Amino acid sequence: MMAGQLKIDIHNHILPARWPDLKERYGYGGWIQLNHHCKGKAKMTKDGELFRVIDENCWSPEARIRDMDETGVTVQALSTVPVMFSYWAKPEDTLDLCKIINDDLAKTVAQYPKRFVALGTLPMQAPDLAVKELHRCVKELGFPGVQIGSHVGEWNLDAPELQCIFAAAEELNAAIFVHPWDMEQGGRMKKYWLPWLVGMPSETASAICSVLFGGVLERFPKLRLCFAHGGGAFPFTIGRIEHGYNVRPDLCAVENPYNPRKYIGRIYTDSLVHDELALNHLVSVIGEDNVLLGSDYPFPLGEHHPGKLIESMQDWDTELKDKLLAGNAASFLNLDRSKYEEQ
């Protein structure tokens, strides 16, 4: 690690240590529950079926800080696990769960203000409620932004229904981290972990294309959006996407007349690509000021030593590495980095 290097990790997930029985609370199933079945481990279950076994670093701030100290991470921007989005549920119930999660995030940040900031979660299926909770996240809880899914039911991110949320985020100067979720998991996608290995990059590319072709950044020029997993398939397929715009504007330019490449420099991605050549390409496409350290901690598909790939890039100077490790995230989240350098 570069000595004394600040590291701000935009992409990691945390859960409350406990939450109510949601089936009992709301009167129907489909919810994730947490069962602490042995010391240091818990089972995430859905309607009694095992979803995932997690370790205590997925709910314990103290366990996270131990790992952060070991790998030199100064600050994590905490966000919930995407399966908790619950955009499928009754809006008032999702709002209630969002408040439980967001209040827990705020409590963790208040306990360790030099180590954590938080990205809230919203009931995106009910945009009016989402706008209210976004205001609460920023104005009352002090969050620099929120995390949202790559789509909301049948709505892509260009859906007219969602634009009031982006308008509110721009007005509040709130950053938005976009995470893929709700991938196809049946049929041909059942084997080989394909929903995570192939479905997620496709989901993210679809979200970016919807934002660009849908004119979201034309309507909201100051909106800050960061896409997970290095923007998924988008950075490698930008040439194909631009070519599609050029040859079939009747299909691609129906909402926005501008070339999608116009918005390079306006969108952000995290750095999570696991490959030196891919990271070089990502930075050359998305821009030196627009790629942020993201680890997907504490999950297996994440970078287990956050920032190690960035630090290993032999052709990059210290200034570029610092941008990716800390500077770009501080700018995206509107953080005063000196507050975190003093520890």
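Residues numbered from 1 in each chain as written. Predicted model: local features only at pLDDT ≥ 70, side-chain atom pairs only at ≥ 80, totals over all residues. Heavy atoms only, no water.

Participant: Looking at this structure, how should I read the nonpolar core?
Facilitator: Soluble, globular proteins show a tendency: their nonpolar side chains are buried together. Grouped together as the largest cluster of nonpolar side chains are 88 residues, with contacts concentrated most on Phe166 and Phe234. The element that contributes the greatest number of residues to this core is helix H6 (residues 194–213), accounting for 7 residues. If sequence neighbours within four positions are ignored, Phe166 has contacts with Ile148, Leu157, Ile176, Val216, Phe220, Leu223 and Leu225. Counting residues in each nonpolar core, the second largest holds 20 residues, with Ala77, Phe177, Cys226 and Phe332 among its members. (Core = buried A, V, L, I, M, F, W, Y, C linked by side-chain atoms within 4.5 Å. Buried < 20%, exposed > 50% of the residue type's maximum accessible area, 1.4 Å probe, protein only. Helix = DSSP H or I, 4+ residues; strand = E, 2+ residues; numbered from the N terminus. Contact = heavy atoms within 4.5 Å.)

Participant: Hey, could you run me through the sheet that holds strand E2 (residues 32–38) in this one?
Facilitator: Note on sheets: strands pair through backbone hydrogen bonds, and any given pair is parallel or antiparallel. Strand order in this open sheet of 3 strands is E2-E3-E4, and the pairing throughout is antiparallel. Of all strands in the sheet, those bounded by a partner on one side alone are E2 and strand E4 (49–55). Each adjacent strand pair in this sheet contributes to an overall mean axis angle of 30 degrees, direction not counted. Across 5 bridges, the pairing between E2 and strand E3 (residues 41–46) is antiparallel. Residue pairing for E3: Ile32 is matched across the bridge by Lys46. (Pairing = 2+ DSSP bridges. Axes fitted to C-alpha atoms, helices over the stretch in contact; angles between N-to-C directions.)

Participant: I'm lost on the pattern of salt bridges in this one. Help?
Facilitator: Any two side chains of opposite charge can pair, given that their charged atoms come close. Following the criterion strictly, the structure yields 13 salt bridges and no others. The residue Asp96 makes a salt bridge to Arg25 at a minimum N-O spacing of 2.6 Å. Of this pair, Asp96 sits in helix H3 (residues 91–111) while Arg25 sits in helix H1 (residues 22–26), placing them 71 residues apart in sequence. Note that Asp322 is salt-bridged to Arg337, the shortest N-O span being 3.0 Å. Of this pair, Asp322 sits in helix H13 (residues 318–333) while Arg337 sits in the loop between H13 and helix H14 (338–341), and the two are 15 residues apart along the sequence. The partly exposed category is assigned to Arg337, whose relative accessible area is 23%. Through salt bridges that share partners, Asp103, Glu133 and Arg136 make up one connected network. (Salt bridge = Lys/Arg side-chain N within 4 Å of Asp/Glu carboxyl O.)

Participant: How do you make sense of helix H11 (residues 276–286) when you look at a structure like this?
Facilitator: The α-helix advances 3.6 residues per turn, and as a result positions three or four apart in sequence lie on the same side. Turning to H11, its buried residues are Leu279, Leu282, Val283, Val285 and Ile286. Across the axial projection of H11, the buried residues extend over an arc of 165 degrees, all falling on one side. For H11, the exposed residues lying more than 90 degrees away from the buried face are Leu277 and Ser284. Residues of H11 that are buried make contact with helix H8 (228–231), helix H9 (234–247), strand E10 (268–270), strand E11 (291–292), helix H12 (308–312) and H13. Looking at where H11 begins, the residue whose side-chain oxygen comes 3.0 Å from the main-chain nitrogen of Leu277 is Asp275. Two residues or fewer past H11, Gly287 is found with a positive phi of approximately 115 degrees. (Arc of directions from axis to C-beta. Polar contact = N/O pair within 3.5 Å; in protein donor to acceptor, adjacent residues only side chain to side chain.)

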